[in-house]
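Chains, contacts and geometry: an overview
Okay, here's what each chain looks like letter by letter:
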Amino acid sequence: MEQEPEVIAMPRIGEDAPSFTAVTTQGTIKFPNDYRGQWVIFFSHPADFTPVCTSEFMTFASMQAEFKSLNTELLGLSVDGLYSHIAWLRTIKEKIEYKGMKDVEVTFPLIEDITMEISKKYGMIQPGESNTKAVRAVFIVDPKGKIRTIIYYPLSLGRNFDELKRVIIALQTADAFEVATPADWQPGDDLIVPPAGSCGTAKERVEGKDANIKCYDWFFCTKPLSKEEVFKAIQK
Ligand code: BEZ
């Protein structure tokens, strides 16, 4: 008889991040409780000692201070064991020079998940891609422990870490100013008012409130906000 395909649980945007206790390269953590009050980029990679993952870890570690200034912590995971993680990160620091990055120390925690319990909980094992390795998943979790963004990449595709930084800034800006961010938004670009999903037409809610507001039609209004104001509101 043909076997039924396994049903894969996937957490969703707007839900509480599933909780777990894990062993990491920085000690044991309880997620998301240990991170209350902070944003977290929780991400998986397929395997230690592989080239795409190495390029990703070097890039991410090099940007850690930028994420810290946005009250954002990094948390990695793969189904490799702790000693493999430690040996790989030591090799990166001692031997790898790549794109001007060298002597890179990865100080954010990297979870060991040999049993795949956590990766399965987060839908990181996607059998169509691999039964034995996690895909490149990214979960952005807010200070209340809610999942705010999910992005998945296949094994062969390295992530764009400037885009992850843009997502963090856009989410924090949307929260701080009760706005939404249009396509390709970057700090300093116009914002959308009121945010998508709020009641009433944009025009009736914003007309007359602010001379800077520009309406393209009844459903589409924007207002300017300088880069300085964005970073003043969100940067630690
Ligand atoms: C890599 O990181 O290079 C990689 C890992 C697993 C499969 C394919 C590529």
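Quick caveat, the model's predicted, so the values are computed rather than measured. (Residues numbered from 1 in each chain as written. Predicted model: local features only at pLDDT ≥ 70, side-chain atom pairs only at ≥ 80, totals over all residues. Heavy atoms only, no water.)

Burial of strand S1 (residues 20–24) is one-sided: the residues Phe 20, Ala 22 and Thr 24 facing one way are buried, the residues Thr 21 and Val 23 facing the other way are not. Alignment of S1 against strand S2 (residues 27–31), held across 5 bridges, turns out to be antiparallel. For Ala 22, the partnering residue across the bridge sits in S2 and is Ile 29. Between S1 and S2, which pair antiparallel one after the other, the connecting turn spans 2 residues. (Buried < 20%, exposed > 50% of the residue type's maximum accessible area, 1.4 Å probe, protein only. Helix = DSSP H or I, 4+ residues; strand = E, 2+ residues; numbered from the N terminus. Pairing = 2+ DSSP bridges.)

To continue, consider the state of the cysteines. Tallied over the entire structure, the rule returns 1 disulfide. Put simply, Cys 215 and Cys 221 are joined by a disulfide, and their sulfur atoms are 1.9 Å apart. Taking the torsion about the S-S bond as the criterion, the Cys 215 to Cys 221 disulfide, at about 100°, is right-handed. Judged by relative accessible area, Cys 215 falls into the partly exposed class, the value being 29%. The exposure class assigned to Cys 221 is buried, which follows from its relative accessible area of 0%. (Disulfide = S-S within 2.5 Å.)

Membership of the largest hydrophobic core comes to 39 residues, with the highest contact counts inside it found for Ile 41, Phe 57, Phe 60, Phe 108 and Ile 140. Listed by contribution, the elements that provide at least two residues to this core are strand S3 (39–44), helix H1 (51–62), helix H3 (82–95), strand S6 (136–141), helix H5 (161–177), strand S8 (191–193) and helix H7 (227–234). Counting residues per element, this core draws most heavily on H5, at 7 residues. The residue makeup of this core includes at least three contributed by each of domain 1 (20–159) and domain 2 (178–234). Residues in contact with Phe 57, not counting those within four places in the same chain, are Phe 43, His 45, Trp 88, Leu 89, Ile 92, Val 106, Phe 108 and Leu 110. Counting 22 residues, the second-largest nonpolar core is a separate cluster that includes Ala 17, Tyr 35, Phe 139 and Ile 147. (Core = buried A, V, L, I, M, F, W, Y, C linked by side-chain atoms within 4.5 Å. Domains from an automatic or database assignment. Contact = heavy atoms within 4.5 Å.)

Before going further, it helps to examine the pairing of strand S9 (residues 214–217). Within a regular strand, the side chains alternate between the two sheet faces. As judged from the 3 bridges shared by S9 and strand S10 (residues 220–223), these two strands associate in the antiparallel manner. Bridge assignment links Cys 215 to a residue of S10, and that residue is Cys 221.

So, about the domain arrangement of the protein. Note: interface size is frequently given as the accessible area lost on complex formation between the parts. According to the domain assignment, the protein contains domain 1 (20–159) and domain 2 (178–234). A C-alpha centroid distance of 34 Å is found between domain 1 and domain 2.

Lining the immediate surroundings of the ligand are Pro 46, Thr 50, Pro 51, Val 52, Cys 53, Arg 136 and Leu 155. Note that an oxygen atom of the ligand is positioned 3.2 Å from one of the backbone N or O atoms of Pro 51. One nitrogen or oxygen atom from the main chain of Val 52 is found 2.7 Å from an oxygen atom belonging to the ligand. The fraction of the free accessible surface of the ligand (270 Å²) that becomes covered by protein chains is 79%. Of all the elements, H1 adds the most residues to the shell around the ligand, at 3 residues. Tallied by class, the residues present in the shell around the ligand amount to 5 nonpolar, 1 polar and 1 charged. (Near = heavy atom within 4 Å. Polar contact = N/O pair within 3.5 Å; in protein donor to acceptor, adjacent residues only side chain to side chain. Areas by Shrake-Rupley, 256 points an atom, 1.4 Å probe, with all protein chains shown as cover. Nonpolar A, V, L, I, M, F, W, Y, C, P; charged D, E, K, R; others polar.)

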